[in-house]
Amino acid sequence: MIRFLLIVNNHGKARLTKFYSFYSEEHQQKLIRECYALVTRRNEEMCNFLEASFPFLEDDIRLIYRHYATLYFICGVDVVESELGILDLIQVFVETLDRCFENVCELDIIFHPDKVHYVLDEIVVGGLVMETNVTEIYSAVQSANNQETRLLPGNRTLNRIFRQ
């Protein structure tokens, strides 16, 4: 099961956080800081997953991450989860965001977190992967965008955010 997904920039600032297990606010902040520290200490030639234990968590977790431009996409998962499956999930998430935002960048994530969360919610529900087909995910996002546009016909901002 996926415990959490983080998007953190090169300076350690969390741009998106999604927790599928309950953690107190204090523990969430510690997880963000410590995951960032663990991931950024690693050499580029090293594999993209590592075992991590945190004193405030009862179970060990596995961190699986990818570094794209200025952003780290970090998933914390149970140790029985497939590393390659989660790497593929991160790739699908980024590809879908690229399609939705036409070359996603950090500013898209900052200014449109609701849309990014919507894309993520199409992929992962309750910590379980539901969809990995980029076309299906993008179609669902476009359908939601079209419905929202119909409900708010004067809202041209949505059409600029997601291309038609």
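Residues numbered from 1 in each chain as written. Predicted model: local features only at pLDDT ≥ 70, side-chain atom pairs only at ≥ 80, totals over all residues. Heavy atoms only, no water.

Visitor: Mind laying out unusual backbone geometry, listing which residues take part and the relevant values?
Guide: If you check the backbone angles, A69 has positive phi at about 50 degrees while not being a glycine. Here A69 shows up in the loop between strand 4 (61-68) and strand 5 (71-77). A positive phi angle, close to 70 degrees, is found at N103, a residue other than glycine. Among the structural elements, N103 can be located in the loop between helix 2 (83-101) and helix 3 (106-111). (Helix = DSSP H or I, 4+ residues; strand = E, 2+ residues; numbered from the N terminus.)

Visitor: Explain the pattern of salt bridges residue by residue, including any values.
Guide: Counted according to the given criterion, the structure contains 7 salt bridges. Ionic pairing is found between D59 and R3, a salt bridge with its closest N-O pair at 3.6 Å. Here D59, found in the loop between strand 3 (49-52) and strand 4, pairs with R3, found in strand 1 (residues 2-9); they are 56 residues apart in sequence, far enough to count as distant. Judged by its relative accessible area of 10%, R3 is buried. Across the pair E51 and R62 runs a salt bridge, and its minimum N-O distance is 2.6 Å. A residue pair is termed long-range when its members are at least 10 positions apart, and E51 in strand 3 and R62 in strand 4 qualify at 11 residues. Classification of R62 as buried rests on a relative accessible area of 10%. Residues joined in a network through salt bridges with shared partners are R3, D59 and D78. (Salt bridge = Lys/Arg side-chain N within 4 Å of Asp/Glu carboxyl O. Buried < 20%, exposed > 50% of the residue type's maximum accessible area, 1.4 Å probe, protein only.)

Visitor: Before we move on, could you go through the packing of helix 4 (residues 113-123) against helix 5 (residues 134-151) and cite the residues and values that matter?
Guide: Where helix 4 contacts helix 5, the two axes come as close as 10 Å, and the packing angle between them is 135 degrees. Classified by the angle between their axes, helix 4 and helix 5 sit oblique to one another. Note that helix 4 runs across helix 5; the crossing there is right-handed. Between helix 4 and helix 5, the contacting residues are K115, Y118, V119, E122 and I123 on the first element and I137, A140, V141, A144 and E148 on the second. (Axes fitted to C-alpha atoms, helices over the stretch in contact; angles between N-to-C directions. Parallel < 35°, antiparallel > 145°, perpendicular 65-115°, else oblique. Left-handed = near helix turned anticlockwise from the far one by under 90°. Contact = heavy atoms within 4.5 Å.)

Visitor: An account of the sheet that holds strand 4 is needed here, citing residue identities and associated values.
Guide: By definition, the strands of a sheet pair up through backbone hydrogen bonds, in either a parallel or an antiparallel sense. In space, the 5 strands of this open sheet follow the order 2-1-5-4-3, with antiparallel pairing throughout. Lying at the two open borders of the sheet, with one neighbouring strand each, are strand 2 (14-19) and strand 3. Taking each pair of neighbouring strands and ignoring which way they run, the sheet shows an average axis angle of 20 degrees. Where strand 1 lies against strand 5, 7 bridges are found, and the strand directions are antiparallel. Looking at the pairing, I2 lines up with V77 of strand 5. Running over the sheet, helix 4 touches strand 1 and strand 2 and is turned about 40 degrees from strand 2. (Pairing = 2+ DSSP bridges.)

Visitor: Could you give me a rundown of the packing of aromatic side chains, with the residues and numbers involved?
Guide: Two aromatic rings are characterised by how far apart their centres lie and by the angle between their planes. One pass over the full model with this rule turns up 6 aromatic pairs. Considering the side-chain rings of F19 and Y23, the 5.8 Å spacing of their centres and the 75 degrees angle between planes classify their relative orientation as edge-to-face. Of the two residues, F19 and Y23, both sit in the buried class. Here the aromatic rings of Y68 and F73 are separated by 5.6 Å at their centres, their planes lie at 85 degrees, and the arrangement is edge-to-face. What makes F73 buried here is its relative accessible area of 3%. Ring pairs connect the aromatic residues F4, F19 and Y23, which therefore count as one cluster. (Phe/Tyr/Trp six-rings, centres within 6.5 Å; stacked < 30°, edge-to-face > 60°.)

Honestly, that's just the spatial picture; any functional story needs more than this.
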